[in-house]
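Secondary and tertiary structure notes
Residues per chain, in single letters:
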Amino acid sequence: MIEQQHWHPVAGVDDVPAAAPLAAQLLEQPLVLWRDADGAIHAFADRCPHRGARLSLGRVEGGRLECPYHGWQFEGGGRCMHVPALPQFQPPAGHRAGAFEVRQAHGLVWVRLAAPAADAAELPQPAFAAEDDARLRKLNCGPYDVAASAPRIIENFLDMSHFGFVHEGWLGARSAAAIDAYEVEPTPTGLRATGCKAWQPQSNLHSTAAAQVEYTYEVTGPYTAVLTKLPEAGTTAVEGWRESIALYICPLTPETSRVWFRLAVADFDSPDEKLRAFQHTIFTQDQPVLESQMPKRLPLDLRAELHTAADKASSAYRRHLKTSGITFGVC
Ligand code: FES
Ligand code: CO
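Residues numbered from 1 in each chain as written. Chains lettered and ligands numbered in written order. Predicted model: local features only at pLDDT ≥ 70, side-chain atom pairs only at ≥ 80, totals over all residues. Heavy atoms only, no water.

- The name given to the protein chain in an unreviewed UniProt entry is Phenylpropionate dioxygenase, large terminal subunit, with the source organism recorded as Paracidovorax wautersii.

**Observations regarding the sheet that holds strand E14 (residues 211-221)**
- Ordered in space as E11-E17-E16-E15-E14-E13-E12, the seven strands form an open sheet in which the pairing is antiparallel. On the outer flanks of this sheet lie strand E11 (137-146) and strand E12 (183-187), each paired with one strand and no other. Adjacent strand axes in the sheet meet at a mean angle of 20°, parallel and antiparallel pairs treated alike.
- Relative to E11, helix H3 (residues 272-292) is tilted by about 30°, and along the sheet it contacts E11, strand E16 (243-253) and strand E17 (256-265). (Pairing = 2+ DSSP bridges. Helix = DSSP H or I, 4+ residues; strand = E, 2+ residues; numbered from the N terminus. Axes fitted to C-alpha atoms, helices over the stretch in contact; angles between N-to-C directions. Contact = heavy atoms within 4.5 Å.)

**Some thoughts on the coordination of the cobalt ion (ligand 2)**
- Protein coordination of the cobalt ion (ligand 2) is provided by His 162 (NE2), His 167 (NE2), Asp 286 (OD) and Asp 286 (OD), with donor distances spanning 2.0 to 2.5 Å.
- Read from N- to C-terminus, the donor residues coordinating the cobalt ion (ligand 2) fall into the pattern H-x4-H-x118-D. In this pair, His 167 is assigned in the loop between helix H2 (163-166) and E12 and Asp 286 in helix H3, connecting sequence segments 119 residues apart. Each member of the pair, His 167 as well as Asp 286, carries the same accessibility label: buried. (Donors = N, O, S within 2.8 Å, 3.2 Å for Na, K, Ca; no water. Buried < 20%, exposed > 50% of the residue type's maximum accessible area, 1.4 Å probe, protein only.)

**Here we look at the environment of Asn 204**
- Relative to the helices and strands, Asn 204 resides in the loop between strand E13 (190-200) and E14.
- It is 32 Å that separates the C-alpha atoms of Asn 204 and Ala 24, two residues lying 180 residues apart in sequence.

**Overview of the side chain of Arg 262**
- You can see Arg 262 is positioned in strand E17.
- We classify Arg 262 as buried; its relative accessible area is 10%.
- Here the side chain of Arg 262 touches His 106 through a polar contact of 3.3 Å, landing on its backbone oxygen. (Polar contact = N/O pair within 3.5 Å; in protein donor to acceptor, adjacent residues only side chain to side chain.)

**Here's the deal with the UniProt feature "domain: Rieske" (unreviewed entry) in the protein chain**
- Per the UniProt record, "domain: Rieske" (unreviewed entry) is annotated on residues 7-111.
- Here residues 7-111 is 0% helix and 42% strand, with 5 Å between the C-alpha atoms at its ends. (UniProt positions renumbered as here; feature names shortened; annotations may be inferred.)

**Overview of the packing of aromatic side chains**
- Tallying each qualifying case throughout the model produces 10 aromatic pairs.
- Chaining the aromatic ring pairs together yields one cluster made of Tyr 144, Phe 157, Phe 163, Tyr 215, Tyr 217, Phe 261 and Phe 283.
- The residue whose ring lies beneath Lys 312 is Tyr 182, and the NZ or CZ to ring-centre distance is 5.7 Å. (Phe/Tyr/Trp six-rings, centres within 6.5 Å; stacked < 30°, edge-to-face > 60°. Lys NZ or Arg CZ within 6 Å of the ring centre and 35° of its normal.)

Following this line, the structure appears as structure tokens:
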């Protein structure tokens, strides 16, 4: 599965305790995340190589992960260092737990389950240009556990024509549901859609009046995307105001997902909770509709559902998933 070679978010960095394991899951692979004595985060298959117990039920002892069953201890690279039943025994190098590569970015822990073959290209960590923009404040919202496939959630994020219905009074109005033509171009990681315009009664926390808002969308990985709202009149005096939101999805199973949003906003004054509350309101409007969609897996055969010009971005996303060989969460 090519998706195993992509980097995916599995947990918030701050959600991994200092001295206890945390269970996670990625692409149906159960994981255990834990920190060593230096605070570095490791991700192992959540299965002890001795007798198969769940390592996430164990504990962290002296900078090592200890299995709950017979107390075998593993160091950060996965190697077993100690077998309590045989204190003098030096475990050979092959006595090891399954360790995966880990990175930290955007306040999240990222894991890939497989490295690309020696002659194949590295698949990049999804980009988020706003991350390095000091004029924008960053914070995460989530996780949300959603009974929908990751690709359905990406499509919902790219979709403007639901605003007047799902987000009526917030991001749209049923009386102003028309979508002007917009541009979609393919990119190596997915697509970029530009010139996406919507009339929004309350487009963000600080909106004082309805406004015509312009969006750019970018698909940055199979299950990640970024939207940028371009400067908008009548919102705030911040020069060069713009707002960018990254959607990061951990595909748990083909039909269930864990979702985070990374907000990048020009608002350094509002408390975190207030910024999160707006995003929370919007996403919990989406969630029941997303969870109702059938089939849960995204159909890549374009004949399976109906499309119009307003769905150009989602059609391009389906084509991209198909040509890049994605099989998880699609049908
Ligand atoms: Fe883990 Fe025995 S099953 S130590
Ligand atoms: Co929505």
